[in-house]
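# Structural features, examined
The residues making up each chain are set out below.
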Amino acid sequence: MDVKTKRKEIEQKVLNIEIVDGGIDDLTFIYQHFINDFAIDELKNYEQLELLITRKNYKLLLVKDRTSKEIVGYAFIYELEHLNAIWLDYMAIINKFRNRSYGTLLFDKITHYKENGLGVFIEVEIPEEGHNKEIQLRRINFYERLGAKCLPIDYEFPTKNGGFPMYLYFKPASNNQQLTKNLIQKAVIEVFENIHTDVIKRDHILRHFISTVQDEHF
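Only a predicted model underlies this, so the values are computations on that prediction, with no experimental measurement involved. (Residues numbered from 1 in each chain as written. Predicted model: local features only at pLDDT ≥ 70, side-chain atom pairs only at ≥ 80, totals over all residues. Heavy atoms only, no water.)

### Considerations on the overall build of the protein chain
- If you tally the helices and strands in the protein chain, you get seven helices and 10 strands.
- By the compact-globule yardstick of 17 Å for 218 residues, the protein chain fits well, its C-alpha radius of gyration being 17 Å.
- Its C-alpha atoms give the protein chain principal-axis dimensions of about 50 × 40 × 40 Å.
- Buried positions account for 45% of the 218 residues belonging to the protein chain.
- Counted over contacts in the protein chain with a minimum sequence separation of 6, partners at least 24 positions apart contribute 66%.
- Surface summary for the protein chain: the accessible area is close to 11800 Å², and the carbon and sulfur share equals 48%. (Helix = DSSP H or I, 4+ residues; strand = E, 2+ residues; numbered from the N terminus. Rg over C-alpha atoms; globule rule 2.2 N^0.38 Å. Buried < 20%, exposed > 50% of the residue type's maximum accessible area, 1.4 Å probe, protein only. Contact = heavy atoms within 4.5 Å. Areas by Shrake-Rupley, 256 points an atom, 1.4 Å probe, with all protein chains shown as cover.)

### Some words on helix α7 (residues 202–209)
- Within α7, the full set of buried residues consists of R202, I205, L206 and F209. Mapping the buried residues of α7 onto a view down its axis gives an arc of 100°, with all of them on the same face. Facing away from the buried side of α7, by more than 90 degrees, are the exposed residues H204, R207 and H208.
- On the buried face of α7, the contacting elements are β7 (156–159), β8 (162–172) and α6 (181–194). (Arc of directions from axis to C-beta.)

### A look at the nonpolar core
- Ranked by internal contacts, the top residues of the largest apolar core, which has 68 residues, are F76, F121 and V188.
- With sequence-adjacent residues up to four places away left out, V188 is seen in contact with W87, I153, Y155, L168, L206, F209 and I210. (Core = buried A, V, L, I, M, F, W, Y, C linked by side-chain atoms within 4.5 Å.)

### Thoughts on the side chain of D37
- Note on placement: D37 falls in helix α2 (residues 24–37).
- Look past the residues within four positions of D37 in its chain and what remains in contact with it is Y74, A92, R98 and R139.

### Considerations on the packing of aromatic side chains
- Tallied over the entire structure, the rule returns 21 aromatic pairs.
- For the pair Y155 and F192, a centre-to-centre distance of 6.4 Å together with 90° between the ring planes defines the contact as edge-to-face. Here the residue Y155 occupies a position in the loop between β6 (149–150) and β7, and F192 occupies one in helix α6, the gap between them amounting to 37 residues.
- Chaining the aromatic ring pairs together yields one cluster made of Y31, F34, F38, Y46, Y58, Y74, F76 and Y90.
- Above the face of the F218 ring, K149 is positioned so that its terminal group lies 5.7 Å from the ring centre. (Phe/Tyr/Trp six-rings, centres within 6.5 Å; stacked < 30°, edge-to-face > 60°. Lys NZ or Arg CZ within 6 Å of the ring centre and 35° of its normal.)

That is the geometry; function is a separate question.
Rendered as structure tokens:
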């Protein structure tokens, strides 16, 4: 397929899909996919997601085909209050719709979700030897291909078993931006205080790495 044909195909997909807000009624269907789409250490239980969705800043986004009304993908996002940016908690395309550019379209929508926003933060698994390494590398390549950059921070995802080392990426909504150490720290602290309320020792995990943040330029 040549570049022109590929571009036309993507443009047609843009016209054929819509991004809509989901709710509690959609969570049961999404959760069936969610538990298979992410590593067990990263998963939130159903009750925690249900609680978060009832709060104004945490949202479930659904990617729907305008014609069939089928859900082709989803994302859980958090709108940061103290920084005009988005924290991408989870994003996935339903298995049978993968490799059709839907992930690219959804990520672009999330990056520009907030008017005049800075962009989007993304937690990404660090590749490890094993059967998941290829998937983890593809995920990194996906975000980097779309302009995301790994931030200088020894980030740890909070779990009930302690901090789980991960990369923290950021995709700016426009070029020539600077993320100061202070802004990154504010974003991470806000997320720990508002998203990870189910992890009792989250403050201890946060203190372990928050001082490793540095300024980053895009």
